[in-house]
Amino acid sequence: MPLDIVTLNVAVLGAPVPSTLQQTAILVTEGATNLAVGAMALLTQANDLTPILSGQVAITGLAWASGAVTVTQASGPVPTVGERVTISGALPVAYNGAVTVVSVTGETWTYALAANPGAETAFGHWQRGNVPELQAMVDEWFAQGGNASVYVFEAGAGTTATTVAELGTYLQENPNTLYSATVPRGWPNEPTFPALVSQYESDTALFYFYITATQANYTNFTAQMKSARVFIEAPDTPVTEFGAAALMYREISQVPSAVNRRMPAANAFLFDVTPYPKAGNIPLLTTLLAAKVNIATTADEGGLSNVILKDGTGMDGTGFNFWFAVDWMQIQSKRNLAARVIQGANDPTNPLTFDQTGINDLVANEQQTINSAVTFGLIRPGATVTATTYADYIQQSPDEAGEGIYNGLAVTFTPMGYFTAITLNLTAIQIPTS
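Residues numbered from 1 in each chain as written. Predicted model: local features only at pLDDT ≥ 70, side-chain atom pairs only at ≥ 80, totals over all residues. Heavy atoms only, no water.

> Tell me about the packing of aromatic side chains, and name the residues and values.
By the definition in use, this model includes 18 aromatic pairs. Judged by centre distance (5.9 Å) and plane angle (80°), the rings of W328 and F376 are edge-to-face. Taken together, the positions of W328 in helix α6 (residues 320-344) and F376 in the loop between α7 (356-375) and β17 (385-387) put the pair 48 residues apart, joining distant regions of the chain. Judged by relative accessible area, W328 falls into the buried class, the value being 8%. F376 sits in the buried class, given a relative accessible area of 17%. The positively charged end of K226 is found above the aromatic ring belonging to W323, 4.4 Å away from the centroid. Here the guanidinium or amino end of R229 rests over the ring plane of Y208, the centre of that ring lying 4.0 Å away. (Phe/Tyr/Trp six-rings, centres within 6.5 Å; stacked < 30°, edge-to-face > 60°. Helix = DSSP H or I, 4+ residues; strand = E, 2+ residues; numbered from the N terminus. Buried < 20%, exposed > 50% of the residue type's maximum accessible area, 1.4 Å probe, protein only. Lys NZ or Arg CZ within 6 Å of the ring centre and 35° of its normal.)

So this is what it looks like as structure tokens:
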């Protein structure tokens, strides 16, 4: 007979933490930081970029001749042929900008420049990578608001083919750790990039590329590419803007909840983004939208001065909202069901058993996930869980049941839809005059 009258069995079961995968994104740069190739740094504000920018190397000479500039430096690292670097602080200012190294001899190197800028009066300095492009990405991101952080991903200062390969390798070796990437402007012209995008076309692929394209290269991304979110900038967009980063912010900054329901992508406000002018461009814009290319335009149709996104779709023609909801259901359902199985294996008072009671428990667990998705504005009401009964399952799949494997749960749901266009039929009736 035990001394104590009451014996307690205690199990501490924590609720699963919601996945933050859909709020994890990167801005890809090609050598503009001091990070190791393949490394990332988190930015919580725009000023976080400054400490990680690539170091400056002083220039001691600039000379233009026959369409090329010869750069001389006295010390420091020397760039390699094919590397992209940024020159700044030189005068005349035409020497400045992001350039590609053509040749290297000792501590002198050259880059192409068609027009003669004139005799230099200030040498300035150079940095690895396209620093202005990365700065534009970061500034554009934080111009949208301060509700979301973002990582800078260093793809290296090599050729575009090597930087695309670097991101591809990272995604393969670290699956389901990143949800989206804003990529450099030069990537659409690199043949290996559409090939990388095509690897993420399946319904279960949880990654998206925000791509700045042109009228000449947006067709490199086919209608099957759900992960290609292609954006064409307005012709007069300044180099200080990077509209694709604004699109990605709009998606990543959304953390749906009961009080912050999912908002549509189509017609969403964009800040610090130059709208594509409508005057003289209606046929072109109609063609681009029909091809499922995203553009920024004005909200003047609604009497508003804001810039808005048209149309918020991937190249497959499906809206950002649709795939966000599908992905959310995949991610959270897996996490919640796995947590219930693990908890059930560690609860001495209520273990999760493989019988009809256990199946009912899993059905209730998944229904809770569905109810949250409805409340958060992700899917339409009415979705329910169906489950093969225990009696039927052990008859149909005795081997799996014997191993504790249950493949009998199913859910059919419809992601929430939103208005993109409205037709109003007006009929005017003339009053008889006699």
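> Tell me about the pairing of strand β6 (residues 84-88), and please be specific about residues and values.
In terms of residue burial, β6 counts as a mostly covered element, since four of its five residues are buried. Alignment of β6 against strand β9 (residues 125-128), held across four bridges, turns out to be antiparallel. Opposite T86, over in β9, you have Q127 as the bridge partner. (Pairing = 2+ DSSP bridges.)

> Tell me about the sheet that holds strand β2 (residues 40-43), and please be specific about residues and values.
Strand order in the open sheet formed by six strands is β2-β10-β1-β11-β12-β13, with mixed pairing between adjacent strands. Looking at the sheet topology across the chains shown, the edges are occupied by β2 and β13 (228-232). On average, each strand axis in the sheet is inclined to that of its neighbour by 25°, with strand direction left out of account. (Axes fitted to C-alpha atoms, helices over the stretch in contact; angles between N-to-C directions.)

> Quick one: what's the story with the environment of Y200, residue by residue and with numbers?
Looking at where Y200 falls in the secondary structure, it is placed in the loop between α3 (192-197) and β12 (208-213). Given the relative accessible area of 13%, Y200 is considered buried. For the pair formed by Y200 and S227, sequence separation is 27 residues and the distance between their alpha carbons is 6.1 Å. Setting aside chain neighbours within four positions, we find Y200 in contact with L171, Q172, A205, F207, F209, K226 and S227. (Contact = heavy atoms within 4.5 Å.)

> Can you break down helix α1 (residues 131-143) residue by residue, with the values?
End to end, α1 covers 18 Å across 13 residues, agreeing with the expected 18 Å (1.5 Å per residue, within 8%). Of all the residues in α1, the buried ones are V131, E133, L134, A136, M137, V138, E140, W141 and F142. The backbone nitrogen of E133 lies 3.1 Å from a side-chain oxygen of the residue at the head of α1, namely N130. G145 occupies a position one or two residues after α1 and carries a positive phi of about 150°. (Expected span 1.5 Å × (residues − 1). Polar contact = N/O pair within 3.5 Å; in protein donor to acceptor, adjacent residues only side chain to side chain.)

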